Each structure stands twice: as structure tokens, then as C-alpha cells.
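Letter by letter, the chains look like this.
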Amino acid sequence: MFSELSIDDQLDELGMNLDVPFVPTHENIVKAMLEMADVDADDVLYDLGSGDGRIPVAAALDHGARAVGVEIDAGRVALAQAYATQMGVEQRVCFIQDDLFEVDFAPASVVTMYLLHTVNLELRPRLLSELRPGTRIVSHAFDMGDWKPDRKRSFRSDALFLWIVPAPVAGHWHWQSADGTRYRVELEQRYQQLKGELWINDQPAELHNALLWGDLLELVIHDEQSYGPESIVMHWRGDELVVVGEYLKGVVARRVGG
Ligand SMILES: C[S@@+](CC[C@H](N)C(=O)[O-])C[C@H]1O[C@@H](n2cnc3c(N)ncnc32)[C@H](O)[C@@H]1O
């Protein structure tokens with residue numbers, strides 16, 4: 001029989017300070033989450049609300065990653081630790097018994113979550129400001145409101161969402177090519193969505209597209225000197241953008257205003 005109590009009331013009755021009840025992710029969905037985030041041996045994965053530890057253990061076992069589970073329930077932390085030892089990955093996996101709202105997750109290169117929509121929204125400002133640009137976030141079942149995912153995968157009764165933490169690239173940027181051509185671009189940003197305007201030698205020019213993928217920015221511009229649109233791929237480094245693609249390679253753009 002279904003309980004008529006809300007999730008919050010059920011959790012209060014259990015006497016636990018849980019923001020989300022324990023419902024494990026099915027093994028096939030765990031596999032899909034780790035594939036979606038493209039987890040490998042260089043990654044440090046944080047599972048926020050790690051339950052029985054299945055996501056951190058699978059990240060270490062199947063992808064060679066280091067992984068941290070954050071879980072408020074001491075009993076589940078003990079079980080998760082025992083599971084990691086049983087699977088032989090205790091050197092690469094650890095569990096922190098703490099509130100996910102209090103823990104420093106900035107070292108993560110991948111964050112996984114199976115929480116609730118409201119919890120995702122509460123976490124969103126910290127995910128955006130504390131994680132490094134380029135960090136992948138995968139959420140099982142719940143989205144992030146108006147921060148649209150970079151990718152979504154649907155299963156029969158389930159959905160997975162992937163976000164790449166976007167670099168803060170809003171502002172005015174300028175750079176000069178080897179032949180002395182001066183470029184200036186003004187970018188407006190909402191999460192990973194960009195709008196912008198371009199000037200070449202102080203004349204308005206066509207900015208066909210501005211795309212952001214973590215710390216990589218692609219500007220598709222129409223330069224009078226080229227036959228068609230050119231793609232400039234730049235790597236964000238704070239107040240500098242370093243061109244890494246072939247076109248204008250090595251040029252550095254600098255931010256001149258917010
Ligand atoms: C839906 S389960 C997901 C478990 C695991 N990540 C998975 O996908 O199989 C959510 C987990 O979050 C834990 N949790 C709830 N509130 C928490 C909080 N404030 N801090 C840390 N963990 C919390 C619960 O105890 C539960 O184990």
C-alpha cells in the first residue's frame with residue numbers, strides 16, 4: 001500500500017536528516033551514466049548521495065577512475081565501504097559521511113547525482129560556481145530547471161541528463177592576428193548559451209555562431225579575407241582565450257570588460 005505521507009514526512013518519521021530517500025540506480029543505468037560522462041582513469045568522480053556505493057565502485061572497477069561517495073547515512077557508508085573492499089577497489093574509492101550540501105566537491109571532474117528536482121535546483125549555484133569548467137555532471141531522472149542539459153538520454157521509464165560546466169566567457173574580448181587584423185567580440189551568456197556581436201578592424205562583421213563546450217569556445221565568423229565562414233576554437237583561461245584550432249592558431253584573446 002502506498003503511504004499517504006509526503007517524502008519529507010516519511011523521512012522525518014524515519015528520524016533521518018535525508019533530503020532524498022534511498023532508491024538505488026539500476027546497474028544498467030549506472031553503466032549508462034558512466035558512459036555518458038565518458039569516465040576514464042584520469043577522472044575523480046563524486047557521487048552526491050552515494051547510497052550503497054554502486055556508482056563510485058563501478059567508476060573505479062570499470063573505468064579505472066578515483067571516486068568519492070558522499071552519503072549522510074552512516075549505515076550506508078559502512079556498507080558501501082565494505083562493498084568497495086569486496087570488489088577490490090578500496091584504494092581508489094572512499095566514502096565521506098556528511099551532508100552533500102556541506103561537502104567540498106570542487107576536486108571532481110565528474111559529478112553523478114540521483115537526487116530530486118528540488119535538491120538539484122538548490123545545488124545548481126554551487127555546481128556552476130565551484131566546479132571547474134569542463135566538469136561533467138550526470139543526473140539520473142531529474143533535470144536542472146532552466147539550465148538545459150548538453151545531452152539527454154531516455155530509457156523506457158528513465159532519463160539521464162548530462163551538463164558540461166560552462167566557463168564564464170561573458171564580456172568583451174579582443175585579439176589581433178599576425179597580419180595586424182583587429183578583432184573584437186562581445187558575448188552575452190546564460191549557462192552554456194551564448195549570443196554575441198563581432199567587429200573586425202572596428203567594422204561590424206558576421207558572427208554566425210558562438211558555442212561553448214565547458215572550457216572550449218567556438219566562434220564561427222565571416223572574415224572578409226576568407227572564402228567562407230571560419231571556425232575559431234579557443235581554450236578559456238580566465239581572462240584569456242587561447243586559440244587552439246588551426247585558424248589563427250596561437251593567437252590569444254584578452255577580456256577587456258565584463
Ligand atoms: C536516490 S538515492 C541514490 C543512491 C545512489 N547514488 C544511486 O544512484 O544508486 C539518494 C541517496 O542520498 C542520500 N542522501 C539524502 N540526503 C542526503 C544529504 N543531505 N547528504 C548526503 N546524502 C544524502 C540518501 O541516504 C540516499 O542514499
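First, a word on scope: everything that follows refers to the structure included in this document. Every value quoted in this text rests on a predicted model; they were computed, and no experiment measured them. (Residues numbered from 1 in each chain as written. Predicted model: local features only at pLDDT ≥ 70, side-chain atom pairs only at ≥ 80, totals over all residues. Heavy atoms only, no water.)

### Looking at the overall build of the chain
- When its secondary structure is counted, the chain shows five helices and 15 strands.
- With the C-alpha coordinates of the chain rotated into their principal frame, the extents come out at 70 × 40 × 35 Å.
- Looking at the chain residue by residue over its 258 residues, the buried ones come to 43%.
- Counting only carbon and sulfur atoms, one obtains 49% of the accessible surface of the chain, whose full area is about 13,500 Å².
- Positive and negative charge centroids in the chain, built from 22 and 42 side chains respectively, lie 4 Å apart. (Helix = DSSP H or I, 4+ residues; strand = E, 2+ residues; numbered from the N terminus. Buried < 20%, exposed > 50% of the residue type's maximum accessible area, 1.4 Å probe, protein only. Areas by Shrake-Rupley, 256 points an atom, 1.4 Å probe, with all protein chains shown as cover. Lys, Arg positive; Asp, Glu negative; His and termini not counted. Charge placed at Lys NZ, Arg CZ, Asp CG, Glu CD.)

### Details of the pairing of strand E9 (residues 182–190)
- Note that strand E8 (residues 171–176) and E9 share six bridges and pair antiparallel. Looking across to E9, one finds that His172 is bridged to Glu186.
- Hairpin geometry of E8 and E9 is characterised by an intervening segment of five residues between the two adjacent antiparallel strands and by a positive phi of about 90° at Gly180.
- Relative to strand E10 (residues 193–200), E9 runs antiparallel, the two sharing eight bridges. Following the sheet pairing, Tyr183 is matched in E10 by Ile200.
- The hairpin formed by E9 and E10 contains two residues between the paired strands, and Tyr191 there has a positive phi angle of roughly 55°. (Pairing = 2+ DSSP bridges.)

### Thoughts on the layout of surface pockets
- There is about 420 Å³ of room inside the largest pocket.
- Val20, Pro21, Gly49, Tyr114 and Leu115 are, among the 30 residues lining the largest pocket, the residues nearest its centre.
- For the lining of the largest pocket, the secondary structure elements donating two or more residues are helix H3 (54–63) and strand E2 (66–71). (1 Å grid on protein atoms, 1.4 Å probe; cavity = no way out; pocket = protein on both sides within 12 Å on 5 of 7 lines; lining within 4 Å. Points joined across faces, edges and corners; volume = space filled by probe spheres on them.)

### Considerations on helix H2 (residues 27–36)
- Of all the positions in H2, only Ile29, Val30, Ala32, Met33, Leu34 and Met36 are classed as buried.
- Contacts made by the buried residues of H2 are with strand E1 (44–48), H3, strand E4 (110–113), strand E5 (136–140), strand E6 (151–154) and strand E7 (159–164).
- One or two residues past the end of H2 sits Asp38, with phi positive at roughly 55°. (Contact = heavy atoms within 4.5 Å.)

### Here's the deal with the packing of aromatic side chains
- Scanning the entire structure with this criterion turns up five aromatic pairs.
- Measuring from centroid to centroid gives 5.9 Å for Trp147 and Trp163, while their planes differ by 45°, and the two rings are tilted. Taken together, the residues Trp147 in the loop between E5 and E6 and Trp163 in strand E7 connect sequence positions 16 residues apart. Comparing Trp147 with Trp163 shows no difference in burial state: the two are buried.
- The interplanar angle of 15° and the centroid separation of 5.9 Å between the aromatic rings of Trp147 and Tyr191 together place this pair among those described as stacked. With Trp147 in the loop between E5 and E6 and Tyr191 in the loop between E9 and E10, the pair connects residues that are 44 residues apart, well separated along the chain. There is no split in this pair, since Trp147 and Tyr191 are both buried. (Phe/Tyr/Trp six-rings, centres within 6.5 Å; stacked < 30°, edge-to-face > 60°.)

### Describing the side chain of Arg54
- Relative to the assigned elements, Arg54 resides in helix H3.
- A polar side-chain atom of Arg54 sits 2.7 Å from the main-chain carbonyl oxygen of Thr25. (Polar contact = N/O pair within 3.5 Å; in protein donor to acceptor, adjacent residues only side chain to side chain.)

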